[in-house]
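Chain by chain, the residues:
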Amino acid sequence: MSHYEAVFEIESKSDAEAIRLLAERVYDALREETREIYGDEDKSTEMLETFEAIRNATRHPTPGTLTIHYDQHDEAFEE
């Protein structure tokens, strides 16, 4: 398994705006994928709820740190 980490220091309003835009896009993409999987049903996944909380937090521009961890497993997806 490979591990990747990215740390973003939010030190200005410009940094906060960039992180807000990133969070908005990630949330929108996950929401669309959820709709494709579940159809028009109003289902919410734990992952989507987590990203919604992150998105909402980024709407208030304050200093902070965003850390992203990505663990890549060695096995492939089932087809």
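Residues numbered from 1 in each chain as written. Predicted model: local features only at pLDDT ≥ 70, side-chain atom pairs only at ≥ 80, totals over all residues. Heavy atoms only, no water.

Student: Let's hear about the packing of aromatic side chains: which residues, and what values?
Tutor: Enumeration over the complete set of coordinates arrives at one aromatic pair. Ring geometry for Y4 and Y70: centres 6.0 Å apart, planes at 25 degrees, overall stacked. Remark: Y70 occurs in strand β2 (residues 64-72) and Y4 occurs in strand β1 (residues 2-10); sequence separation between them is 66 residues. Looking at Y70, the relative accessible area reads 47%, which means it is partly exposed. Taking NZ or CZ as reference, R55 lies 4.1 Å from the ring centre of Y27, over its face. (Phe/Tyr/Trp six-rings, centres within 6.5 Å; stacked < 30°, edge-to-face > 60°. Helix = DSSP H or I, 4+ residues; strand = E, 2+ residues; numbered from the N terminus. Buried < 20%, exposed > 50% of the residue type's maximum accessible area, 1.4 Å probe, protein only. Lys NZ or Arg CZ within 6 Å of the ring centre and 35° of its normal.)

Student: I'd like to hear about the confidence of the model for the protein, residue by residue, with values.
Tutor: Here the protein averages 89 in pLDDT, and 94% of its residues register 70 or above. Looking at the elements of the protein, mean pLDDT is at its lowest for helix α2 (residues 46-57), recorded as 89, and at its highest for β1, recorded as 95. (pLDDT = per-residue confidence, 0-100.)

Student: So what's going on with the layout of surface pockets? Residues and values would help.
Tutor: The calculated volume of the largest pocket comes to roughly 250 Å³. Around the largest pocket sit I19, L22, A23, V26, F51, I54, L66, T67, I68 and H69, which together line it. Looking at the lining of the largest pocket, its residues break down into eight nonpolar, two polar and no charged. (1 Å grid on protein atoms, 1.4 Å probe; cavity = no way out; pocket = protein on both sides within 12 Å on 5 of 7 lines; lining within 4 Å. Points joined across faces, edges and corners; volume = space filled by probe spheres on them. Nonpolar A, V, L, I, M, F, W, Y, C, P; charged D, E, K, R; others polar.)

Student: Any details on the pattern of salt bridges? Residues and values, ideally.
Tutor: Counting across every chain of the model gives seven salt bridges. As a salt-bridge pair, R20 and E24 come within 3.9 Å of each other at their nearest N and O atoms. Of this pair, R20 and E24 both sit in helix α1 (residues 13-38), four residues apart, roughly one helical turn. Among the residues examined, R20 registers a relative accessible area of 23% and is labelled partly exposed. As a salt-bridge pair, D28 and R31 come within 3.2 Å of each other at their nearest N and O atoms. Remark: R31 and D28 occur in helix α1; sequence separation between them is three residues, near one turn of the helix. The class for R31 is partly exposed, based on a relative accessible area of 24%. (Salt bridge = Lys/Arg side-chain N within 4 Å of Asp/Glu carboxyl O.)

Student: If you had to explain α1 to someone new, which residues and values would you point to?
Tutor: Here α1 spans 37 Å end to end across 26 residues, near enough to the 38 Å set by a 1.5 Å rise per residue. Buried residues of α1: A16, I19, A23, E24, Y27, L30 and T34, and no others. Packing partners of the buried residues in α1 comprise β1, α2 and β2. Of the residues one or two after α1, G39 is the one with positive phi, at around 75 degrees. (Expected span 1.5 Å × (residues − 1). Contact = heavy atoms within 4.5 Å.)

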